Amino acid sequence: MEKVRIMIFDTTLRDGEQSPGCTMNLEEKLRLARQLCHLGVDIIEAGFPIASEGDFEAVRAIAHDIQGPTIAALARATIGDIERAWQAIQVSSKPRIHIVLATSDIHLQYKLKITREQCLHQGTEAVKFARSLCADVEFSAEDSTRTDLEFLCQVAEAVVDAGANTVNLPDTVGYTIPTEISQMIKTVYARTRRPDREVVLSTHCHNDLGLAVT
């Protein structure tokens, strides 16, 4: 039986802060990051550096202060975002650039206004650039659970070949049932396994309909 290691990626300081009434100042974010470190979290997503100067400073302070966990910074699949993320986390002993790009047809058509081919190109180029700066790169295919499964596999394979160490499959709208997400993960896992290096498969579930922990 294949041995599996489960790693905990905590995004309270980034995604959690989007909840109403949960905004934190720099000192509060540092205090929470220290507590997450104390709890033994493997990866702390410290924030979204390009979002504001305050977020950038908080991410940089956490990257400087916290020892032990990997410190991740979120970036969209653009040069500016990736450069800003790297500027914030490069002082960390374990930095990670976390790139997010939507892959579902509804997001591509109405939010990003790009084709599947453009999405594939943008994602792989973003990962290549991030890897030129940082050895640890994660790619999130936003709205994975509403993405055509074959296209999702193509994107996952492409970003892994471009250098991504971790592929994250988010249930962005929080509606996928357990059997569906299980099949998605199994299929993508089979397509992204590489004999020459470790590739981590991750998932990120939302709880809009109470399905995140089922």
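Scoring rules and cut-offs
- Residues numbered from 1 in each chain as written.
- Predicted model: local features only at pLDDT ≥ 70, side-chain atom pairs only at ≥ 80, totals over all residues.
- Heavy atoms only, no water.
- Helix = DSSP H or I, 4+ residues; strand = E, 2+ residues; numbered from the N terminus.
- Rg over C-alpha atoms; globule rule 2.2 N^0.38 Å.
- Buried < 20%, exposed > 50% of the residue type's maximum accessible area, 1.4 Å probe, protein only.
- Contact = heavy atoms within 4.5 Å.
- Areas by Shrake-Rupley, 256 points an atom, 1.4 Å probe, with all protein chains shown as cover.
- Lys, Arg positive; Asp, Glu negative; His and termini not counted.
- Charge placed at Lys NZ, Arg CZ, Asp CG, Glu CD.
- Patch = residues over 30% accessible without salt bridge, like charges linked within 9 Å, V, L, I, M, F, W, Y side chains within 5 Å.
- Salt bridge = Lys/Arg side-chain N within 4 Å of Asp/Glu carboxyl O.
- Pairing = 2+ DSSP bridges.
- Axes fitted to C-alpha atoms, helices over the stretch in contact; angles between N-to-C directions.
- Left-handed = near helix turned anticlockwise from the far one by under 90°.
- Nonpolar A, V, L, I, M, F, W, Y, C, P; charged D, E, K, R; others polar.
- Phe/Tyr/Trp six-rings, centres within 6.5 Å; stacked < 30°, edge-to-face > 60°.
- Lys NZ or Arg CZ within 6 Å of the ring centre and 35° of its normal.
- Parallel < 35°, antiparallel > 145°, perpendicular 65-115°, else oblique.

Asks: What is the right way to look at the overall build of the chain in this model?
Replies: The secondary structure content of the chain amounts to seven helices and seven strands. Across the chain, helices and strands are ordered from the amino to the carboxyl terminus as β-α-β-α-β-α-β-α-α-β-α-β-α-β. Over its C-alpha atoms the chain spans a radius of gyration of 17 Å, differing by no more than 12% from the 17 Å that the globule rule assigns to 214 residues. Along the first, second and third principal axes, the C-alpha set of the chain runs to 45 × 40 × 35 Å. Within the chain, the proportion of its 214 residues that are buried is 47%. By sequence separation, contacts in the chain at least 24 residues apart represent 75% of the contacts at least 6 residues apart. Surface exposure of the chain reaches about 10,900 Å², of which carbon and sulfur atoms provide 54%. Within the chain, one finds 22 positive and 30 negative side-chain charges whose respective centroids are separated by 3 Å.

Asks: Can you help me understand a nonpolar patch on the surface in this one?
Replies: Together, Val4, Ile6 and Ile8 line one region of the surface with nonpolar side chains, adding up to about 340 Å² of accessible area. Inspection of the secondary structure puts Val4 in the segment before β1 (9-10). For Val4, a relative accessible area of 68% translates into the label exposed.

Asks: Just to check I follow, could you spell out the sheet that holds strand β3 (residues 70-76) for this structure?
Replies: Backbone hydrogen bonds hold the strands of a sheet together, and the pairing may be parallel or antiparallel. On the basis of which strands lie adjacent, the open sheet formed by seven strands has the order β1-β2-β3-β4-β5-β6-β7 and parallel pairing. Single-partner strands in this sheet number two, and they are β1 and β7 (200-205). As defined by bridge partners, β1 adjoins strand β2 (residues 43-47) across two bridges and the pair is classed as parallel. Within β2, the residue paired with Asp10 across the bridge is Ile44. Where helix α3 (residues 79-89) meets the sheet, it contacts β3 and β4 (95-102), and its direction lies at approximately 160 degrees from that of β3.

Asks: Please explain the packing of helix α1 (residues 26-39) against helix α2 (residues 53-65) as it appears in this structure.
Replies: The description of two helices packed together rests on the angle between their axes and the distance between the axes. In the contact formed by α1 and α2, the axes pass within 10 Å of each other and the chain directions differ by 35 degrees. Two packed elements cross with a definite hand, and for α1 against α2 that hand is right-handed. The segment α1 lies against α2, with Leu26, Lys29, Leu30, Ala33 and Arg34 engaging Asp55, Glu57, Ala58, Ala61, Ile62 and Asp65. In the contact of α1 with α2, the residues fall into six nonpolar, no polar and five charged.

Asks: What exactly am I supposed to notice about the environment of Pro178 here?
Replies: Mapped onto the fold, Pro178 is located in helix α7 (residues 178-192). Judged by relative accessible area, which is 37%, Pro178 ranks as partly exposed. In this structure the C-alpha to C-alpha distance between Pro178 and Val213, which are 35 residues apart in sequence, comes to 9.1 Å.

Asks: Explain the side chain of Lys29 to me, please; I cannot follow it from the model alone.
Replies: Among the structural elements, Lys29 can be located in helix α1. Classification of Lys29 as buried rests on a relative accessible area of 4%.

Asks: Got a minute to help me understand the packing of aromatic side chains in this structure?
Replies: For any pair of aromatic rings, the description rests on two quantities: the centre-to-centre distance and the angle between the ring planes. Under the defined criterion, the tally for this structure stands at zero aromatic pairs. If you follow Arg84 out to its NZ or CZ, it ends over the ring of Phe56, 3.6 Å from the centre.

Asks: Help me understand unusual backbone geometry in this model?
Replies: Glycine aside, negative phi is the norm for most residues, and most peptide bonds take the trans geometry. Positive phi values are uncommon outside glycine, yet Lys113 reaches one of about 55 degrees. Locating Lys113 in the fold gives a position in the loop between α4 (105-112) and α5 (116-133). In this model, Asp143 sits at a positive phi of 65 degrees, which is unusual for a non-glycine residue. Its location among the elements puts Asp143 in the loop between β5 (137-142) and α6 (149-162).

Asks: When you look at the packing of α2 against α3 in this model, what are you seeing that I'm missing?
Replies: Here α2 crosses α3 at 40 degrees, and the two axes come no closer than 7 Å. Relative to α3, the element α2 is oriented oblique. For the pair α2 and α3, contact is made by Glu53, Phe56, Val59, Arg60 and Ala63 and by Arg84, Gln87, Ala88 and Ile89, respectively. When its residues are assigned to classes, the contact of α2 with α3 shows five nonpolar, one polar and three charged.

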